[in-house]
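Each chain, letter by letter, is given below.
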Amino acid sequence: MPPAGEVSESGDRGAAWSRWMAAAQGGDGQAYARLLRDIVPFVRAIARRHHSTPDRVEDVVQDTLLSLHRVRHTYDPSRPFPHWLSAIANRRSIDALRRRTRTQANEIDAPLAYETYADPTANREAEAGEASAEIAAALAELSPGQRQALELLKLKELSLREAAAITGQSEGSLKVAVHRAIKTLQARLAETRARQARGEGAA
Amino acid sequence: MSGTEHLIDLLAADAAPVRRLASPWRRWAFWGALLLLAATAVLAILGGFAGMQVRMHDPALAGETIGAILTSLAALLAAFQLSVPDRSPRWALLPLLPALLWLGIGTFNCAGAMSGAARLQPGDGVHCFFFITAVSIPLLLAVFVLLRRGAALQPARVAAMGGLAAAGLATMILHGLHWLQGNFADSVLHTAAILLVVAVATALARPGLTRA
């Protein structure tokens, strides 16, 4: 149950969300889109309690929307929608915090020891090895669902239909998961490059 | 277009109608009655009605069996409630009182059954241990199938409640077939079997249940 005072949306707005969600459960895509756009600031406010950077906040928002989509059949329109949404958003936010804590606990902040060779081609091999390690580390940070979607669709090059049959997810969910995975990888690799550049600049 | 906006478009395009989950109370009333009926049918098939009648005539033994049934039903209700995102996590406390009653009366009964060195002998307790764990398996599978439609914020908690529900019903069946009161070592083995079932259920939470 979310802490007291957290579910603070006005009765009118909460009632509107409840109506749109009920319509969305019936397959009304327009009501669903309207609901999802309207709840984003609410979910962002919950995410900001645990995360300070805009990227992480947005990750939590998107994770929450994905969870909401997956479990929308569990919402009871006779009960307050903000309460249901808060519970999911809080859980996603805490999960992201735990993932970040685990990742940071396993990382060692040490400068990379570059060994350079007279022959430039030998250096390229070393750099390729480092890039491979960066990508592997970034992949390890993806959620299991994102990693699986990426592996099936991009690495094993299965079709959406084949991947949907394997995972039991809809083709739409898989597209979303791949989209999120690529964004996360891009952000992680950019972060790593920026850290390396700062380290090299300081050296 | 931002990533979130793009995601919203994808989700809205994927908004197929869904079959709304029935309320936890309704699901519990229907499936709880069905599970109890199934356990009673198994008891009848195994010829345990006569033993259960003997047990029900002894207040202490009857109390233990009723405690097991109440714990099972309370745990099942807690599991159904906790498998919906907006329900209070305090539902996990619901089976606590009947469980204390069940195990407390059971331990008290066993402690008084035999005296001296006989208390330390396992007696039939080893067979009871295996019976409870074996009979709990199909019950636990059935409970997991029922819970999968929900979406637990904390699957481990839901799974633990499911395990307790299964173990309670398995013990009820055992009581009909083994109405004689065991000794203290038997009581320890019964409790160990119940804890094992709950632990296994908890370990199966991630693959077995749907996570919100």
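Residues numbered from 1 in each chain as written. Chains lettered and ligands numbered in written order. Predicted model: local features only at pLDDT ≥ 70, side-chain atom pairs only at ≥ 80, totals over all residues. Heavy atoms only, no water.

1. Regarding the overall build of chain A
Scanning chain A from N- to C-terminus turns up eight helices and zero strands. A buried classification covers 39% of the 203 residues belonging to chain A. (Helix = DSSP H or I, 4+ residues; strand = E, 2+ residues; numbered from the N terminus. Buried < 20%, exposed > 50% of the residue type's maximum accessible area, 1.4 Å probe, protein only.)

2. With respect to the overall build of chain B
When its secondary structure is counted, chain B shows nine helices and zero strands. Mapped in sequence order, the helices and strands of chain B form the string α-α-α-α-α-α-α-α-α. Each of the three principal axes of chain B carries a C-alpha extent, and together these read 80 × 30 × 25 Å. A buried classification covers 48% of the 212 residues belonging to chain B. By sequence separation, contacts in chain B at least 24 residues apart represent 87% of the contacts at least 6 residues apart. By element, 73% of the accessible surface of chain B is carried by carbon and sulfur atoms, the whole surface being about 9,700 Å². Charged side chains in chain B number 13 positive and 8 negative. The centres of these two groups are separated by 4 Å. (Contact = heavy atoms within 4.5 Å. Areas by Shrake-Rupley, 256 points an atom, 1.4 Å probe, with all protein chains shown as cover. Lys, Arg positive; Asp, Glu negative; His and termini not counted. Charge placed at Lys NZ, Arg CZ, Asp CG, Glu CD.)

3. Topic: the interface of chain B and chain A
Counting residues at the interface gives 32 residues for chain B and 41 residues for chain A. Viewed at the interface, chain A and chain B are joined by four salt bridges. Of the charged contacts in the structure, one is a salt bridge between R79(A) and D86(B), with a shortest N-O distance of 3.3 Å. Applying the counting criterion to the chain B and chain A interface returns 14 residue pairs in polar contact (both at pLDDT 80 or more). (Salt bridge = Lys/Arg side-chain N within 4 Å of Asp/Glu carboxyl O. Polar contact = N/O pair within 3.5 Å; in protein donor to acceptor, adjacent residues only side chain to side chain.)

4. As for the pattern of salt bridges
Pairing between side chains of opposite charge can happen when the charged atoms of each approach one another. Across all of its chains, the model carries 11 salt bridges over all chains by this definition. Between D63(A) and R99(A) there is a salt bridge whose closest N-O contact spans 3.4 Å. On the criterion of sequence distance, the pair formed by D63(A) in helix α3 (residues 54-70) and R99(A) in helix α4 (residues 81-106) is long-range, its members being 36 residues apart. D95(A) is the partner of R91(A) in a salt bridge, and the nearest nitrogen-oxygen pair spans 3.9 Å. Of this pair, R91(A) and D95(A) both sit in helix α4, four residues apart, which is roughly one turn of that helix. Looking at D95(A), the relative accessible area reads 11%, which means it is buried. Several salt bridges share partner residues, and in doing so they unite R91(A), R92(A), D95(A) and R211(B) into one network.

5. Structural notes on helix α2 (residues 29-47) of chain A
All names here are of chain A. An ideal rise of 1.5 Å per residue puts 27 Å on 19 residues; α2 measures up with 26 Å between its terminal C-alpha atoms. Maximal helix bending in α2 amounts to about 35°, located at V40; proline P41 follows within four positions. Those residues of α2 that fall on the buried side of the exposure criterion are A31, Y32, A33, L35, L36, I39, V40, F42, V43, I46 and A47. Its side-chain oxygen placed 3.1 Å from the backbone nitrogen of Q30, D28 serves as the N-cap of α2. (Expected span 1.5 Å × (residues − 1). Bend = angle between axes of the 7 residues up to and from the residue.)

6. As for the environment of L185(A)
Residue and element names in this part refer to chain A. Residue position: L185 is located in helix α8 (residues 171-202). Sequence separation of L185 and S78 is 107 residues, and the distance between their C-alpha atoms is 40 Å. Excluding residues that lie within four positions of it along the chain, L185 makes contacts with A138, L139, L142 and L150.

7. Section: the packing of helix α2 (residues 24-45) of chain B against helix α6 (residues 125-147) of chain B
All names here are of chain B. α6 packs onto α2 with a crossing angle of 160° between their chain directions and a minimal axis gap of 12 Å. Classified by the angle between their axes, α2 and α6 sit roughly antiparallel to one another. Classified by chirality, the crossing of α6 by α2 is right-handed. Contact residues: α2 offers R27, W31 and L35, while α6 offers L139, A142, V143, L146 and L147. Class assignment for the residues of the contact of α2 with α6 results in seven nonpolar, no polar and one charged. (Axes fitted to C-alpha atoms, helices over the stretch in contact; angles between N-to-C directions. Parallel < 35°, antiparallel > 145°, perpendicular 65-115°, else oblique. Left-handed = near helix turned anticlockwise from the far one by under 90°. Nonpolar A, V, L, I, M, F, W, Y, C, P; charged D, E, K, R; others polar.)

8. Observations concerning a nonpolar patch on the surface
Taken together, the side chains of F30(B), W31(B), L34(B) and L37(B) define a hydrophobic patch exposed on the protein surface, amounting to about 400 Å² of accessible area. Within the fold, L34(B) resides in helix α2. (Patch = residues over 30% accessible without salt bridge, like charges linked within 9 Å, V, L, I, M, F, W, Y side chains within 5 Å.)

9. Topic: the nonpolar core
One finds L35(B), L147(B) and V158(B) to be the most contacted residues of the largest nonpolar core, which totals 42 residues. Of all elements in the fold, only α2, α4 (59-82), α6, α7 (155-177) and α8 (184-203) of chain B reach the threshold of two or more residues within this core. Looking at this core, the element that brings in the most residues is α7(B), giving 13 residues. If we skip the residues at most four places from it in the chain, L147(B) touches R27(B), A79(B), F80(B), S83(B), V158(B) and L209(B). One finds A16(A), L65(A), L68(A) and L10(B) within the second-largest nonpolar core, a separate group that totals 39 residues. (Core = buried A, V, L, I, M, F, W, Y, C linked by side-chain atoms within 4.5 Å.)

10. Considering the side chain of Q25(A)
Along the polypeptide, Q25(A) turns up in helix α1 (residues 11-25). For Q25(A), the side chain forms a polar contact with the main-chain oxygen of R72(A), separated by 2.6 Å.

11. Some thoughts on the confidence of the model for chain A
Residue and element names in this part refer to chain A. Per-chain confidence: chain A averages 81 in pLDDT, with 78% of residues scoring 70 or above. The lowest-confidence element of chain A is helix α5 (residues 120-140), averaging 67 in pLDDT; the highest-confidence one is α2, averaging 97. For the stretch residues 1-7, pLDDT sits under 50, and the model shows 16 contacts to residues farther than four places along the chain or on other chains. (pLDDT = per-residue confidence, 0-100.)

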